[in-house]
Amino acid sequence: MYNSGVTLSDIITELSGEVDIAGSIPDSAYIRWVNTLEQLIYTDILGFYGRQNVTLAGGGFALSSITSGTGEDSCRYDDIVKVYGDGREYVRAGVISSVIFDGDKGIYWQDGDSVKVSPIVEPDTVTVIRRIRPAIKTAVTGVVMLPYEWLELVMSKLRGEAYKIANDDGQAAKWLEDYNAQLSSFTEWARKRQERYGE
C-alpha cells in the first residue's frame, strides 16, 4: 500500500489556514471523509492484492482466518477476488447457485462471516487472493495511505466536503469538481501502473 507520510492532523492544520470554516468541522468528519476516500480508491481503483493459504474446516473457512498485515483492514467477502484449490480456480457464486451447482463444479460463496467452498475434490487448503485495503482510521493521527504526489486529491475532497457542510454551494461545487478531475487523473495513473506491472 501507499504511505504519504502525512497525517490527517497535518492536512487539517493546513486546511485550517486556507478554509475559513475548517476549524469548526469536527475531527470525526475529516476521519470519515478520508476513510471513505481511501476505501473507494483501494477497492475500485488500485490493485493491491494479498495471497494466503487457508485450511478448510466444515466445508469452508472463516473470513477471520485470513490474516491482515500491519495497517491493513480485515478481509471482507467482497475483498476476495480468487479462490484456488486442487489445481483449479473456483467460481464465485451466490447462495442459490451454491444449491444448483453444489458438487458439479468448484464454487465458493458467502455464508455469514464464513466462505463456503464446494470443490469437486476437497483439498485440505485453498489459496485465497484478496484485495488489500488500509485499516479504517479512528484518529487524526492516522497517516493518509495514498502517494504523496496525490495528496491534493485528498485536500480537494476535504475542502469540498467542508464547504458543503457550511452550505457554501459555490465553493463546495468548485472543490468537488476539482476532486473529481483529480480522481479521474488518478484513475488513469493507476491504470497505467497496473498495465506496466501486471495484476
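Values in this document were obtained by computation on a predicted structure and should not be read as measured data.

Quick notes on the overall build of the chain
In step 1: Check the secondary structure of the chain and you find five helices and eight strands.
In step 2: Across the chain, helices and strands are ordered from the amino to the carboxyl terminus as α-α-β-β-β-β-β-α-β-β-β-α-α.
In step 3: The C-alpha atoms of the chain give a radius of gyration of 21 Å, which is well past the 16 Å a tight globule of 199 residues would have.
In step 4: Principal-axis analysis of the C-alpha atoms places the extent of the chain at approximately 65 × 35 × 30 Å.
In step 5: A buried classification covers 45% of the 199 residues belonging to the chain.
In step 6: In the chain, the proportion of contacts linking residues at least 24 apart, taken out of those at least 6 apart, comes to 71%.
In step 7: Accessible surface, the chain: about 10400 Å² in total, of which carbon and sulfur atoms supply 49%.
In step 8: Here the chain contributes 20 positively and 29 negatively charged side chains, and the mean placements of these two sets differ by 4 Å.

Brief notes about the sheet that holds strand β8 (residues 125-131)
In step 1: Pairing is antiparallel across the open sheet formed by four strands, whose spatial order is β1-β8-β3-β4. The open sheet has two edge strands, β1 (49-55) and β4 (88-89), and neither has a second partner.
In step 2: When β1 meets β8, the two strands line up antiparallel, connected through seven bridges. Looking at the pairing, Gln52 lines up with Val128 of β8.

Definitions and limits used
- Every chain is numbered independently, its residues counted from 1 as its sequence is written.
- Side-chain atom pairs in this predicted model are given and counted only at pLDDT of 80 or more, local residue features only at pLDDT of at least 70, and totals for whole chains, interfaces and linings cover all residues.
- Derived side-chain values reflect all non-hydrogen atoms in the structure, with water molecules and hydrogen atoms excluded from consideration.
- A run of H or I in DSSP counts as a helix once it spans at least four residues, and a run of E counts as a strand once it spans at least two, with each numbered from the N terminus.
- The size measure is the radius of gyration over C-alpha atoms, and the globule rule it meets is 2.2 Å times the number of residues to the 0.38 power.
- Three labels apply to residues, based on accessible area from a 1.4 Å probe with only protein chains included: buried if under 20% of the type maximum, exposed if over 50%, partly exposed otherwise in between.
- Contacts are residue-level and defined by heavy atoms, with any inter-residue pair within 4.5 Å sufficient.
- Here, Shrake-Rupley sampling with a 1.4 Å probe gives the accessible areas, and only protein chains in the shown set may cover a residue.
- A positive count includes Lys and Arg, and a negative count includes Asp and Glu. His and the chain ends are not counted in either.
- By convention, the charge on Lys lies at NZ, on Arg at CZ, on Asp at CG and on Glu at CD.
- In this scheme, strands are said to pair when DSSP sees at least two bridges between them.

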